[in-house]
Amino acid sequence: MTQMLRTPDAGHVKRTRPISFTFNKRQYWGFEGDTLASALIANNVRVIRRSFKFHRPRGIVGAWSEEPNAIVEIGANNTRVPNLRATQIELYQGLVAHSVTPSKWLRFDTLAISNVFSGLLPAGFYYKTFMWPKSFWHRYEKRIRRLAGLGYAPSGQDIDTYDKMHYFCDVLVVGGGPSGLIAALTVARSGGRVLLVDDQSEIGGSLLSKTETISGKLAKYWLKDVITELRSYPDVRLLKRATATGYYDHNFVVINERLTDHLEHHNERLRRERLWRVRAKEVILATGAIERPIVFCSNDIPGVMLASAIRIYLLRYGVLAGSKVAFFTNNDSVYHTALSLVESGGEVVGIVDIRKNPKSTIVERARSTGIPIYDDHVVVAARGGFNGLKKVQLARANSQGDLILTNKGELKCDTLGVSGGWNPVVHLHAQSGGRPEYDQSAGMFVPGKSVQSERSVGAAKGHIALRECFVDGVEAGKSAALGADLKLGQIPDIPFTIAESSEALKPMWEVPPSQLNLHNDKSFVDLQNDTTASDLRLAVREGYTAIEHVKRYTALGFGTDQGKLGNINGAGIVAKYLGVDISELGTTRFRPNYTPVTFGAISGRSIGGYLFDPVRKSPIHEWHVMAGAAFENVGQWKRPWYYPRDSETMDDSVKRECLAVRGGVGALDASTLGKIEIRGPDASTLLNRLYTNSWSKLPVGRCRYGLMLGEDGMVMDDGVTARIGDNHYLMTTTTGGAGPVLTWMERWLQTEWPDLKVYLTSVTDQWAVVSLAGPDSRRLMANLYPDLDFSEEVFPFMSVVSASYVGVPSRIFRISFSGELGYEINVPANYGYSLWSTIMKFGESLNITPYGTETMHILRAEKGYIIVGQDTDGSVTPHDLGMDWIVSKNKDFIGKRSLFREDMKRDNRKQFVGLETDDPLLILPEGAQLTNEQNRSIPVDMVGHVTSSYMSVELNRSIALALVKGGIKRHGGKVYAHLIDGRIVPATIRSPNFYDPKNKRQEA
Amino acid sequence: MLQIECPWCGPRDQSEFSCGGEAHISRPLEPDALDDIEWADYLFFRKNPCGRHYEQWCHIFGCRRWFNAIRDTVTYKFIAYYEMGANPPELD
Ligand SMILES: [Zn+2]
């Protein structure tokens, strides 16, 4: 249970609670409160994985989401999570983690051979090599995937559930460090509804690893007091383990809260993650800053890390980052860390400072403690062995800090803490529409002008000193409270902190390459993607001048860390090579998400099961289920497709159903058809304007078929509309068209014709509809309604009557979609099941046959009746359908003018026809392309395509409907259909009305 | 996601709304009197301004009422809302 690098007492892990875990099949011990990374460091595990491209050994660099190297996967099979940062994984009993590395051997990676030949893998290598010849790509791809080693996806269905939360607040504070906390306190005391989110397991940010006192108290006690006060306000909510991952328009912020990943046992009553969708009146961004590395030769050797990470591992987790620690800096911040290390018994072998003779208080303190300080020096190169860093090579910078360097010997160390200054986390500010600006004096990109109601505070604004953070926080809290129309309450005092003199940093992105660099190794800018400084140089040499293009050419910042460490250095280095100022070059765009978000969190409950999309069922649905119907999805509706009996195949059932309708009587559940009530004195006027035909003269009690066009003249929907009263119509639409057609009509009424006195009501769900079809349907109706006269004279085709069904008002329509004598009975939905059952009982003697949508489609295709959306595609006019008869010449209607556009006169427009294949048993595939010639000389002129195609048992042959160029005038002509298997088969064009062309049967 | 203020229901998420495109395009009273170019102008051609755009919105998953809005296509800020048939408010 020894942990070699654990201090006796520093940090706030719980030393009474040891935790056992496994990394790469070896067991280790850590403490409660550790991350996987801090526990691995405590156990002196230096090499975590091999790198992406060159397979170089890599160790832990950071302490949180900026970590580029320490990528591991945990769990197995369906709970496996790939691509996690060890720095963000909270340790729990029995945790099993693996390197995300293709090779079994971290130390002897055979693929590291690509490191030896790395000169062959420069920037743009993938573009240049793998895109040619094209046919080789599939061979390369396998190799590359194996090389890349980015882990495996879970192998089964996710066992976890995920929630979404919609939330509104006055002020959202992102980040629970000093400035965020005091800002939240300011708003809370003003009575505001506050949401404060922090992505770590404890709220406190930098205060969790600070040695300074605040108002005379240790930082942790000040922190405790503030959190206690915040929790006392009922309208304040604090979330930990919650990352604000995206900032969108109108102050819409998405927050990913992780609820169970830190727990040992899976508990199905808990949600793994909760995605908060927050609309905030005001936002305060207290997202802190990430330390910036300095690029130098071999800077990827395990042991080279961020100085701030060393501080966090020591002060929060009680772990020494190494036995012999050196620092390389251009600013004051590492001196605090070095002093703390010495106090905790660590050995600091030296601080290499780029600056000449820095004089701030903290530097003097370090000097007086006896820590060797190499001012005016740089680290030109790191050297290491199998277990990481062994020594660093020093040089003296010349006055310009470039080119000529003098060798100043070596410093033996196993750990190097690097600090090149700070990069404020401006991601959310940039996502909100702001443009980060370069602050020359501070040497960093800071938030620019706010576009939305947001402001950045503290380190996120570039203010590193604690006092500035507090001042910022209070000011931002006040402005946010006022912005949210709150009355300011008691403003918190600025806590007292000890002010120390400090000295400005000296910017340096990269230690200039020099002849001193004897082994001529690489300098890494983006550790995760193995992008080197020379890659950037190559990109510039090859003519790239925009940072976005350089990014894509070199893969800079493309990793799962999104270049949190590398991007700004990359921009600085490119700017230097281009000879422009970094402020001129700018940064790449900061896009959501700030850190990776699981698919589970994004999809929430909207996956797989019944919550994905509502299922609509007709009131007769249960009968169909009992009858063993096969169902078809039509939009959200479940419709009976066919009713198999005994061992029937689908073909058998459909044939039987077709014959039953043509020879006796069949029943179809048509409840899903769209139904719209149209009422008001201007009802006829509205129909006249929306349909191509005229409605004014339709007598009450009669029905009419109508075509609805878009204003572009193209067929949009069709259906039968009945006149129930003078000012009352019932319109039917296609099943899928019900919603869009109602919306379309409402739009015209509200936006263009508000003067029309008409009300529209959707009654699709209110009425159940049973459609009876077949020569025996009249006899059945007479049995059902003995009091009504169903003779042709009294109740002709296309008429409607009111009738009573078991005392309930119902309507009977005499219409047909099958070409047979037919009736549709509408009853209030609650009586649908009863009606259907009654019909089945009464129809028994007539051998009534329930039929499904497949039979309905075949019957209508035999008659050449179109289905809008199947036989039409938004480019088909009534004329193209051969339906000129339905287009009124005497009135205006939507789409009419478009029918007279030049393009409508073309005689090679695709027109609606029927097709008969020469081989009567061959069923053409729907969508098959048609040509005029049988031989296949490329390019082939396509003249149309098949829209519907079936085997017709009635006609004893296959039939098809198609759109063919100039087809209406080509009846009798030949076309050739091209099948997927390469066959080209002939078919004859004909009228689409295959069956009973004079329509005698439906009008009988 | 934008937040849109329905004049009848108040501020709601964009997902409840449907955008109807450019506002203040009246349907010609006599379409037959227009030549193809004039008709095409009504039917197809739309403004694509960088800045203020006058557009129609419908609170489709709410009260289903249409209204007009002025929205800045650069900042996505809604500058004004007004009812169908009303003249747009004067802006400076
Ligand atoms: Zn509304």
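Residues numbered from 1 in each chain as written. Chains lettered and ligands numbered in written order. Predicted model: local features only at pLDDT ≥ 70, side-chain atom pairs only at ≥ 80, totals over all residues. Heavy atoms only, no water.

On a plain count of helices and strands, chain A comes out with 23 helices and 50 strands. For chain A, the spread of C-alpha atoms along the three principal axes comes to 115 × 70 × 55 Å. Across the 1004 residues that make up chain A, the buried fraction comes to 58%. When contacts within chain A are restricted to residue pairs at least 6 apart in sequence, those whose partners lie at least 24 apart make up 67%. Within the structure as shown, chain A displays about 42300 Å² of accessible surface, and the carbon and sulfur contribution to it stands at 53%. (Helix = DSSP H or I, 4+ residues; strand = E, 2+ residues; numbered from the N terminus. Buried < 20%, exposed > 50% of the residue type's maximum accessible area, 1.4 Å probe, protein only. Contact = heavy atoms within 4.5 Å. Areas by Shrake-Rupley, 256 points an atom, 1.4 Å probe, with all protein chains shown as cover.)

What follows deals with the coordination of the zinc ion. All names here are of chain B. Looking at the zinc ion, the protein donor atoms are Cys6 (SG), Cys9 (SG), His59 (ND1) and Cys63 (SG), and they sit 2.0 to 2.3 Å from it. Note that the zinc ion binds four donor atoms; their angles at the metal cover 106 to 116°, and the shape is tetrahedral. Sequence spacing of the donor residues for the zinc ion, all on one chain, is C-x2-C-x49-H-x3-C. A relative accessible area of 30% places Cys63 in the partly exposed class. (Donors = N, O, S within 2.8 Å, 3.2 Å for Na, K, Ca; no water. Tetrahedral: all angles 85-135°; square planar, octahedral: opposite > 155°, others 65-115°.)

Before going further, it helps to examine the environment of A:Trp29. Residue and element names in this part refer to chain A. Structurally, Trp29 can be placed in strand β2 (residues 26-32). Residue classification places Trp29 among the partly exposed residues on the basis of a relative accessible area of 24%. Here the alpha-carbon distance between Trp29 and Thr2, two residues 27 residues apart in the chain, equals 7.6 Å.

Let's shift gears to the side chain of A:Asp871. Residue and element names in this part refer to chain A. Residue position: Asp871 is located in the loop between α23 (853-863) and β45 (910-917). Taking relative accessible area as the criterion, Asp871 reaches 0% and is therefore assigned buried. At 2.6 Å, the side chain of Asp871 and the side chain of Ser948 are in polar contact. Once residues within four sequence positions are removed from consideration, Asp871 is found in contact with Arg860, Tyr865, Ile866, Phe912, Thr947, Ser948, Leu961 and Leu963. (Polar contact = N/O pair within 3.5 Å; in protein donor to acceptor, adjacent residues only side chain to side chain.)

Time to look at the nonpolar core. Counting residues in each nonpolar core, the largest one holds 62 residues, and the members touching the most others are A:Phe21, A:Phe23, A:Leu36, A:Tyr313 and A:Phe327. Among residues more than four places away in sequence, those in contact with A:Leu36 are A:Phe21, A:Val72, A:Ala86, A:Ile89, A:Leu91, A:Leu95 and A:Ala97. (Core = buried A, V, L, I, M, F, W, Y, C linked by side-chain atoms within 4.5 Å.)

What follows concerns the sheet that holds β45(A). Residues and elements named next belong to chain A. Strand order around the closed barrel formed by six strands is β45-β48-β47-β46-β49-β50, with antiparallel pairing between neighbours. Taking the axes of each pair of neighbouring strands and ignoring which way they run, one obtains an average angle of 45° across the sheet. Relative to strand β50 (residues 984-990), β45 runs antiparallel, the two sharing four bridges. Across the sheet, residue Thr917 finds its bridge partner in β50, namely Ala987. Along the sheet, α23 contacts β47 (942-952) and β48 (957-965); its crossing angle with β47, the most-contacted strand, is approximately 120°. (Pairing = 2+ DSSP bridges. Axes fitted to C-alpha atoms, helices over the stretch in contact; angles between N-to-C directions.)

A word on the pattern of salt bridges. Enumeration over the complete set of coordinates arrives at 54 salt bridges over all chains. For A:Arg909, the salt bridge identified is with A:Asp880, shortest N-O distance 3.0 Å. With a gap of 29 residues between them, A:Arg909 in the loop between α23 and β45 and A:Asp880 in the loop between α23 and β45 connect regions that are remote in the sequence. By the burial criterion, A:Arg909 is buried, and A:Asp880 matches it. For the salt bridge of B:Glu22 with B:Lys47, the shortest nitrogen-to-oxygen distance reads 3.3 Å. Of the two residues, B:Glu22 is situated in strand β3 (residues 18-22) and B:Lys47 in the loop between α1 (36-43) and β4 (52-58); the sequence distance between them amounts to 25 residues. A cluster of three or more residues bridged by salt bridges with shared partners is formed by A:Arg56, A:Arg58, A:Asp300, A:Asp521 and A:Asp530. (Salt bridge = Lys/Arg side-chain N within 4 Å of Asp/Glu carboxyl O.)

Moving on, we come to the interface of chain A and chain B. Taken together, the contact pairs 28 residues of chain A with 26 residues of chain B. Counting the surface lost from both chain A and chain B, the interface buries some 2400 Å², and carbon and sulfur atoms represent 45% of this. Measuring nitrogen to oxygen at the nearest pair gives 2.6 Å for the salt bridge that ties B:Asp13 to A:Arg279. Of all the secondary structure elements, the ones that give two or more residues to the side of chain A that touches chain B are β15 (273-285) and α20 (738-752) of chain A. Considering every element that reaches the side of chain A that touches chain B, the biggest residue donor is α20(A), with eight residues. (Buried area = accessible area lost by both parts, 1.4 Å probe.)

All names here are of chain A. Across the sheet, five strands lie side by side as β17-β24-β18-β19-β20; this open sheet has parallel pairing. At either end of the open sheet lies a strand with only one pairing partner, and these are β17 (304-306) and β20 (373-375). Between one strand axis and the next, the sheet turns through 20° on average, direction left out of account. Pairing between β17 and strand β24 (residues 415-419): three bridges, direction parallel. Each residue of the ladder has a partner; that of Met305, found in β24, is Gly417. Of the strands in this sheet, β17, β18 (324-329) and β24 are in contact with helix α7 (residues 307-315), which crosses β17 at around 80°.

Residues of α1(B) that are buried include every one of B:Trp39, B:Ala40, B:Tyr42 and B:Leu43, and no others. One side of α1(B) carries all its buried residues, which in axial view fall inside an arc of 160°. Looking at the buried positions of α1(B), the neighbouring elements they touch are α20 of chain A. The backbone nitrogen of B:Ile37 lies 3.1 Å from a side-chain oxygen of the residue at the head of α1(B), namely B:Asp35. (Arc of directions from axis to C-beta.)

Now for the pairing of strand β33 (residues 637-642) of chain A. Residue and element names in this part refer to chain A. Alignment of strand β31 (residues 616-617) against β33, held across two bridges, turns out to be parallel. Within the sheet, the bridge partner assigned to Lys617 lies in β33 and is Lys638. Relative to β33, strand β32 (residues 630-634) is paired through five bridges, and the arrangement is antiparallel. Counted as the bridge partner of Ala630 is Tyr642 from β33. Connecting β32 to the next strand, β33, in antiparallel fashion are two residues, including Gly635 with a positive phi near 60°.

Let us look at the confidence of the model for chain A. Looking at chain A as a whole, the pLDDT averages 92, with 93% of positions reaching at least 70. pLDDT under 50 marks residues 103-111 of chain A. Its contacts with residues more than four places away, or in other chains, come to 19 contacts. (pLDDT = per-residue confidence, 0-100.)

A few words now on the pairing of strand β41 (residues 799-805) of chain A. Two faces belong to every sheet, and in a regular strand the side chains alternate between them. All names here are of chain A. Examined bridge by bridge, β41 and strand β42 (residues 808-814) share seven bridges and lie antiparallel to one another. Bridge pairing links Ser804 to Pro809 in β42. The loop that links β41 with its antiparallel partner β42 comprises two residues; one of these, Val806, has a positive phi angle of about 40°.

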